[in-house]
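# Topology and contacts: notes
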Amino acid sequence: MDPWILIILLVIAFAVVLAAAGRDKADYDERQWQVQLRAYRAAFWVFLAFVLGFGLIELFVGEILETLSVALAGMILSLTLHALICICGDAYLKLKASRPRFLALTTLILLLYLCNVLFFQDGPWLHGDQFSGRSIYLLAAGHFLVVDVAYFARYLYDRRGGCE
Amino acid sequence: MKNLKLKAARAAKDLSQQALADAVGVSRQTINAIEKGEYNPTIKLCRAICKVLGCTLDELFWEE
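Below is a summary of the structure that appears in this document. (Residues numbered from 1 in each chain as written. Chains lettered and ligands numbered in written order. Predicted model: local features only at pLDDT ≥ 70, side-chain atom pairs only at ≥ 80, totals over all residues. Heavy atoms only, no water.)

## Regarding helix α2 (residues 17–24) of chain B
All names here are of chain B. Residues Q17, L20, A21 and V24 constitute the buried set of α2. End-on, the buried residues of α2 take up no more than an arc of 100°, which puts them together on one face. The inward-facing, buried residues of α2 contact α1 (4–12), α3 (28–36) and α4 (43–53). (Buried < 20%, exposed > 50% of the residue type's maximum accessible area, 1.4 Å probe, protein only. Helix = DSSP H or I, 4+ residues; strand = E, 2+ residues; numbered from the N terminus. Arc of directions from axis to C-beta. Contact = heavy atoms within 4.5 Å.)

What follows is the structure in structure tokens.
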């Protein structure tokens, strides 16, 4: 069997298991859905603007980054924006989700990415006009850093009573 | 506009925002946003809040 098909099947199986495990937990409430919709919309337009902006720069100035690298950077930027809007509106995690566990998990992922960038990846940041693996890891680390800091700030704010 | 009637009814029942939120199945921030007038709840949520607080829709959500 083609290894890619096996990977896709494993990912689908993992998603099904996760969905089944979370079925009994309360989902998001109506205000959180509204915040998430706003976040999706903002992320979509920012992604489009980012790609369009780079396209215009390439048109008038010359190629800086390869198209796929631009799209990847745009996706991570819009994903981060989506996370930020959801965190600010307290719509990022489900109602019954454990916040300390989420913070611990994102911090662990952030540290793994940073360790990878700092100690295990020693290649160049760019291969010609393409992102190298090192810079992709750095972008992912940046995303998790922003999510982690924003969520930690939100967590502290809520623990102190929020605006009750 | 702030919903002071909701806040007063909740206080009269000696419920915290978190307790009311748990009772109606939303987050504490949602109750807070309703009380501050920053979020306009659906009729379904309004009814759930009224049931928990023992009030009518008019008493809690009708603006004079």
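## Some words on the packing of aromatic side chains
Residue and element names in this part refer to chain A. Under the criterion given, the structure shown has eight aromatic pairs over all chains. Plain terms: the ring middles of F44 and W45 are 5.3 Å apart, the flat faces sit at 70° to each other, and that makes the pair edge-to-face. Linked through ring pairs, Y92, F102 and Y151 together constitute an aromatic cluster. Over the ring of W125 we find R134, and its NZ or CZ is 4.3 Å from the ring centre. (Phe/Tyr/Trp six-rings, centres within 6.5 Å; stacked < 30°, edge-to-face > 60°. Lys NZ or Arg CZ within 6 Å of the ring centre and 35° of its normal.)

## Some thoughts on the packing of α2 of chain B against α4 of chain B
Residue and element names in this part refer to chain B. One can describe the packing of α2 onto α4 by two numbers: an axis separation of 9 Å at closest approach and a directional angle of 115°. Considering the relative orientation of α2 and α4, their crossing is right-handed. Residues L20, A23 and V24 of α2 form the contact with α4, whose participating residues are L45, A48, I49, V52 and L53. (Axes fitted to C-alpha atoms, helices over the stretch in contact; angles between N-to-C directions. Left-handed = near helix turned anticlockwise from the far one by under 90°.)

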